[in-house]
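Take a look at the letters that make up each chain.
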Amino acid sequence: MSRPAADASRPARHDDPWALNADLHCHSAISDGTLSPEAVVERAHAQGVDLLALTDHDELGGQAAAMRTAHALGLAYVPGIEISVTWANETIHVLGLGIDPDDGVLVGGVAGVRAGREARAREMAAQLAAAGIEGAYEGALRHVRNPQLISRTHFARFLVEAGHCADLGEVFQRYLTEGRPGFVPHRWARLSDAVAWILGAGGTAVLAHPGRYRLDALALWALIQEFREAGGSAIEVVCGSHTRDQYARFAQMAREFDLRASRGSDFHGPGESRVELGALPPLPDAVVPVWADWPAAVAA
Ligand code: AMP
Ligand code: MN
Ligand code: MN
Ligand code: MN
């Protein structure tokens, strides 16, 4: 399947998945975004998004509100999640799109993934205190809306607010990453488990932002092979953390590996995210959108 040749008589969106403004990766305050699930959906609608998935980290708690809001606005919506995975000692993110948010195995699986965050956060704070930064746990907690989901982003917001860094980018250069104060290695889900939970819940597993991992070409190849063998069927091509060169590179990889392509801003909040909801360029013609045959996309 590839995009049909341009045809002036063809309506712009309804039978052309490539023309649909799909944003299938963003966060609410249920994980490390700053807006409520309702506000994310309202904003996506106002920004011209045609098809949306809210994909909070390791959390499904925002899905009911997001679905309700999207339904009220007439915005096509698919439930989503972004699962944290440890693969070859590297943290990898896998998106689950079109999942049943009430699936018991998925709900239980991600509850287990979340469970380690509290102890990790306390250790992060202890390291920061040893580096002369007091009160980081309490400071991060002031930015947390969901007590089950304390993340590095909340610590980063505290470090900016307390004047230790100018912005989140500087935080992740100086703190919270490998070799820097506040970095606590953590075991997330296994790749095969995360993909199995997503498939078991009726969803599509998408490898998030492949350009962001510190993997050489060989390791990335091995990751994608293993992801496919586990049942993964798409990769993010156009996303908030890829450059234009990476759109082309990962479009090529999607073709080589016979994977569908996804598009998502990874929006976390106004004034914080580089990319606004629905504002990325469309997918290249040469790839097949992951949503090409989804009922929600046809209805959009
Ligand atoms: P955690 O799941 O607690 O390890 O936190 C990971 C989150 O930190 C990611 O989802 C991003 O939102 C945020 N993050 C990681 N690196 C950066 C960066 N360089 N700039 C801004 N945010 C980042
Ligand atoms: Mn995040
Ligand atoms: Mn991610
Ligand atoms: Mn994300």
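The structure this text deals with has already been given above.
None of these values were measured; they are calculated from a predicted model.

Draft legend 1. Region of the structure containing the overall build of the chain. The helix and strand tally for the chain stands at eleven helices and eight strands. Its C-alpha atoms give the chain a radius of gyration of 19 Å, within 12% of the compact-globule value 19 Å for 300 residues. With 300 residues in all, the chain has 53% of them scored as buried. Long-range pairs, those at least 24 residues apart, make up 71% of the contacts in the chain between residues at least 6 apart in sequence. Counting every atom, the chain has about 12,800 Å² of accessible surface; 51% of that belongs to carbon and sulfur.

Draft legend 2. Representation of the site of ligand 1 in the model. With respect to spatial proximity, the complete set of residues near ligand 1 consists of Asp32, His57, Arg117, Arg120, Ser151, Arg152, Thr153, Phe172 and His268. Separating an oxygen atom of ligand 1 from a side-chain N or O atom of Arg152 is a distance of 2.8 Å. The side chain of His268 places a nitrogen or oxygen atom 3.0 Å from an oxygen atom of ligand 1. When the free accessible area of ligand 1 is taken as 500 Å², the share hidden by the protein chains comes to 77%. Judged by the proximity of its atoms to the pocket grid, ligand 1 belongs to the largest pocket. Counting only elements with at least two residues in the shell around ligand 1, the list comes to helix H4 (117-130) and helix H6 (152-161).

Draft legend 3. Local environment of the coordination of the manganese ion (ligand 4). Looking at the manganese ion (ligand 4), one finds its protein donor set to be His25 (NE2), His27 (NE2), Glu82 (OE) and Asp266 (OD), positioned 2.1 to 2.2 Å from the metal centre. Between consecutive donor residues of the manganese ion (ligand 4), the sequence gaps follow H-x1-H-x54-E-x183-D. Given the relative accessible area of 0%, His25 is considered buried. For Glu82, a relative accessible area of 1% puts it in the buried group.

Quick notes on the rules
Residues numbered from 1 in each chain as written. Chains lettered and ligands numbered in written order. Predicted model: local features only at pLDDT ≥ 70, side-chain atom pairs only at ≥ 80, totals over all residues. Heavy atoms only, no water. Helix = DSSP H or I, 4+ residues; strand = E, 2+ residues; numbered from the N terminus. Rg over C-alpha atoms; globule rule 2.2 N^0.38 Å. Buried < 20%, exposed > 50% of the residue type's maximum accessible area, 1.4 Å probe, protein only. Contact = heavy atoms within 4.5 Å. Areas by Shrake-Rupley, 256 points an atom, 1.4 Å probe, with all protein chains shown as cover. Near = heavy atom within 4 Å. Polar contact = N/O pair within 3.5 Å; in protein donor to acceptor, adjacent residues only side chain to side chain. 1 Å grid on protein atoms, 1.4 Å probe; cavity = no way out; pocket = protein on both sides within 12 Å on 5 of 7 lines; lining within 4 Å. Sits in = over half its atoms within 2 Å of the grid points. Donors = N, O, S within 2.8 Å, 3.2 Å for Na, K, Ca; no water.

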